[in-house]
Amino acid sequence: MGLRKLISKAQISVICALVRKNKSNQEIAANTGIALRTVQRWTKIYREGGRDASPPPHKPKGRKRSVSQRTLNIIRRQLEANPRIHSKELRARNPALLAEVSERSVRRYVKCDLGYRSCHAVSKARLTPGHLNSRLTFVSQHKDWDLDKWRRVLWSDEASFQVTDNQRNRVYHRPSSNHYDPH
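Note that the structure is predicted; figures quoted are calculated from it, not measured.

Focus on the overall build of the protein
(1) Moving on: In terms of regular secondary structure, the protein is built from 8 helices and 2 strands.
(2) Moving on: In the protein, the succession of helices and strands from N to C terminus is α-α-α-α-α-α-β-α-α-β.
(3) Moving on: Residue burial in the protein is summarised as follows: out of 183 residues, 22% are buried.
(4) Moving on: For the protein, contacts bridging at least 24 residues in sequence account for 59% of all contacts bridging at least 6.
(5) Moving on: When the accessible surface of the protein is split by element, carbon and sulfur atoms take 51% of a total near 14,800 Å².

Digging into the nonpolar core
(1) Moving on: Counting residues in hydrophobic clusters, the biggest one holds 13 residues, and the most contacted among them are Ile 75, Leu 79, Val 110 and Leu 114.
(2) Moving on: Secondary-structure elements contributing two or more residues to this core are α4 (69-81) and α6 (103-113).
(3) Moving on: Ignoring sequence-local partners within four residues, the contact set of Ile 75 consists of Leu 90, Leu 98, Val 110 and Leu 114.
(4) Moving on: By size, the runner-up hydrophobic cluster in this structure holds 12 residues, among which are Ile 12, Leu 18, Val 19 and Trp 42.

Remarks on the pattern of salt bridges
(1) Moving on: Throughout the structure, instances matching the rule amount to 1 salt bridge.
(2) Moving on: A salt bridge links Asp 113 to Arg 65; its shortest N-O distance comes to 2.4 Å. Taken together, the residues span a long stretch of sequence, with Asp 113 in helix α6 and Arg 65 in the loop between α3 (36-49) and α4 at a distance of 48 residues.
(3) Moving on: For Arg 65, a relative accessible area of 47% gives the class partly exposed.

Regarding the packing of helix α1 (residues 9-20) against α3
(1) Moving on: Look at α1 against α3: their axes get within 10 Å of each other, and the N-to-C directions meet at 70°. In terms of axis orientation, α1 runs roughly perpendicular to α3. Crossing hand, α1 versus α3: right-handed. Of α3, the residues touching α1 (which contributes Ile 12, Ile 15, Cys 16, Val 19 and Arg 20) are Val 39, Trp 42, Thr 43, Tyr 46 and Arg 47.

Details of the packing of aromatic side chains
(1) Moving on: For the structure shown, the criterion picks out 2 aromatic pairs.
(2) Moving on: Note on Phe 138 and Trp 150: the rings are 6.4 Å apart at their centroids and 65° apart in plane angle, and the pair reads as edge-to-face. Within this pair, whereas Phe 138 is found in helix α7 (residues 129-141), its partner Trp 150 is found in helix α8 (residues 147-151), the two being separated by 12 residues in sequence.
(3) Moving on: Since its relative accessible area comes to 38%, Phe 138 is described here as partly exposed.
(4) Moving on: Look at Trp 150 and you get partly exposed, because its relative accessible area is 27%.
(5) Moving on: With a centroid separation of 4.9 Å and an interplanar angle of 55°, the aromatic rings of Trp 145 and Trp 150 are classed as tilted.
(6) Moving on: Owing to a relative accessible area of 29%, Trp 145 belongs among the partly exposed residues under this scheme.
(7) Moving on: Counting every residue linked through ring pairs, the aromatic cluster contains Phe 138, Trp 145 and Trp 150.
(8) Moving on: For the cation-ring pair, Arg 108 lies above Tyr 109, with the distance from its terminal atom to the ring centre recorded as 5.4 Å.

Quick look at the environment of Leu 114
(1) Moving on: Assignment of secondary structure puts Leu 114 in the loop between α6 and β1 (117-120).
(2) Moving on: Note on Leu 114: relative accessible area 10%, which makes it buried.
(3) Moving on: Among residues more than four places away in sequence, those in contact with Leu 114 are Leu 72, Ile 75, Arg 76, Leu 79 and Tyr 109.

Focus: α3
(1) Moving on: Across its 14 residues, α3 extends 20 Å between first and last C-alpha, which sits within 8% of the 20 Å expected from 1.5 Å per residue.
(2) Moving on: Along α3, the residues that are buried comprise Thr 38, Val 39, Arg 41, Trp 42, Thr 43 and Tyr 46.
(3) Moving on: Contact partners of the buried residues in α3: α1 and α2 (25-32).

Reading the values: the criteria
- Residues numbered from 1 in each chain as written.
- Predicted model: local features only at pLDDT ≥ 70, side-chain atom pairs only at ≥ 80, totals over all residues.
- Heavy atoms only, no water.
- Helix = DSSP H or I, 4+ residues; strand = E, 2+ residues; numbered from the N terminus.
- Buried < 20%, exposed > 50% of the residue type's maximum accessible area, 1.4 Å probe, protein only.
- Contact = heavy atoms within 4.5 Å.
- Areas by Shrake-Rupley, 256 points an atom, 1.4 Å probe, with all protein chains shown as cover.
- Core = buried A, V, L, I, M, F, W, Y, C linked by side-chain atoms within 4.5 Å.
- Salt bridge = Lys/Arg side-chain N within 4 Å of Asp/Glu carboxyl O.
- Axes fitted to C-alpha atoms, helices over the stretch in contact; angles between N-to-C directions.
- Parallel < 35°, antiparallel > 145°, perpendicular 65-115°, else oblique.
- Left-handed = near helix turned anticlockwise from the far one by under 90°.
- Phe/Tyr/Trp six-rings, centres within 6.5 Å; stacked < 30°, edge-to-face > 60°.
- Lys NZ or Arg CZ within 6 Å of the ring centre and 35° of its normal.
- Expected span 1.5 Å × (residues − 1).

Shown next, in the form of structure tokens:
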């Protein structure tokens, strides 16, 4: 059996009031916008329970959440301070709050409850104001050159290599969709 959609007490009382007026289940479903099967179930519960009070809604099944909203707020603050932090580090920093929570659950809370997503930093050329000024002066100095002078220039491509740490593999957690955020 699948999960049931919870309906409010107000909706249940509307169903009960319409049952008291001898409306059919199809009419109640059409008037309230609630699924026919749900109306049938609550009509049956109401008729078996008596006509004096509306039946209480069922409680959701399943395990209680292992983290509170306070714990999620603490995790959010830590992610805002350091977006590179991993779930393992989050558990290590908060042993009292996340003692019984697995790393996978921490990742799920970060993704689903807090709305953060993990992504890689965008590789882009970083131009400082000095680079921009030197490019501007180069252009202004060479704007009058003709095609023969430009043919005598030897152009070479530059590449940077890193031996130790690969910056591309670092994961960042961020709530927004700004790929070029410098933080």
